Amino acid sequence: SHLNTFQPVFTSGYDLYDFSMFIFNRWGEIVFESHDVTIGWDGTYQGKMVPQGVYTWTMQIKDPQTDELTRKEGHVQIIR
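Anyway, here's the lowdown on the structure attached to this text. Everything numeric in this text was worked out from a predicted model, so none of it was measured.

Considerations on the nonpolar core
Part 1 of the reasoning: Residues Phe19, Met21, Ile23, Trp41 and Tyr55 are the most contacted members of the largest nonpolar core, which totals 14 residues.
Part 2 of the reasoning: Looking at this core, the elements that each hand over two or more residues are β1 (15–24), β2 (30–34), β5 (53–62) and β6 (69–78).
Part 3 of the reasoning: Once residues lying within four places of it in the same chain are set aside, the contact partners of Phe19 are Pro8, Phe10, Ser34, His35, Asp36, Val37, Met59, Gln60 and Ile61.

What follows is the structure, encoded as structure tokens:
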């Protein structure tokens with residue numbers, strides 16, 4: 001079976017070693033956490049597929065030139 005993963009795609013200019021991503025369910029609980037841009041979320045939590053629905057994500061990455069943190073957030077929808 002083919003699993004899709006949700007992960008960022010960054011252009012150059014970011015410190016890929018200073019990265020964090022969190023995905024939250026509708027109750028604000030963290031269902032996924034990553035500090036590696038190559039590791040995306042496969043839609044599971046504790047080994048089981050999460051329910052269909054909308055999940056909130058936040059990502060933070062540092063600009064190595066300025067040490068400025070860029071923070072982005074949005075939503076990802078799980079559909080089966």
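From this point, the narrative continues.
Structural notes on the sheet that holds β2
Part 1 of the reasoning: The antiparallel open sheet is built from four strands, whose spatial order is β2-β1-β5-β6. Because the sheet does not close on itself, it has two edges, and the strands there are β2 and β6. Pairs of neighbouring strands in the sheet enclose a mean axial angle of 15°, with direction left out of account.
Part 2 of the reasoning: Relative to β6, β5 is paired through 10 bridges, and the arrangement is antiparallel. Paired with Val54 across the strands is Gln77, a residue of β6.

Basis of the calculations
- As a convention, each chain's residues are numbered from 1 in the sequence order in which they are written.
- Local features in this predicted model are restricted to residues whose pLDDT is 70 or higher, and side-chain atom pairs enter the listing and the counts only when it is 80 or higher, whereas totals over whole chains, interfaces and linings include all residues.
- Only heavy atoms go into the side-chain values, all of them from the structure, while hydrogens and water stay out.
- We call a set of buried residues a nonpolar core when its members are Ala, Val, Leu, Ile, Met, Phe, Trp, Tyr or Cys and they connect through side-chain atoms within 4.5 Å of each other.
- Each residue is placed in one exposure class: buried if its accessible area under a 1.4 Å probe, protein chains only, is under 20% of its type's maximum, exposed if it is over 50%, and partly exposed if it falls in between.
- Numbering of helices and strands starts at the N terminus; helices are DSSP runs of H or I of at least 4 residues and strands are runs of E of at least 2.
- By definition in these notes, contact holds between two residues if any of their heavy atoms fall within 4.5 Å.
- We call two strands paired when DSSP finds no fewer than two bridges between them.
- Axis definition: a line fit to C-alpha positions, over the contact stretch in the case of helices; interaxial angles, taken between N-to-C directions, run 0 to 180 degrees.

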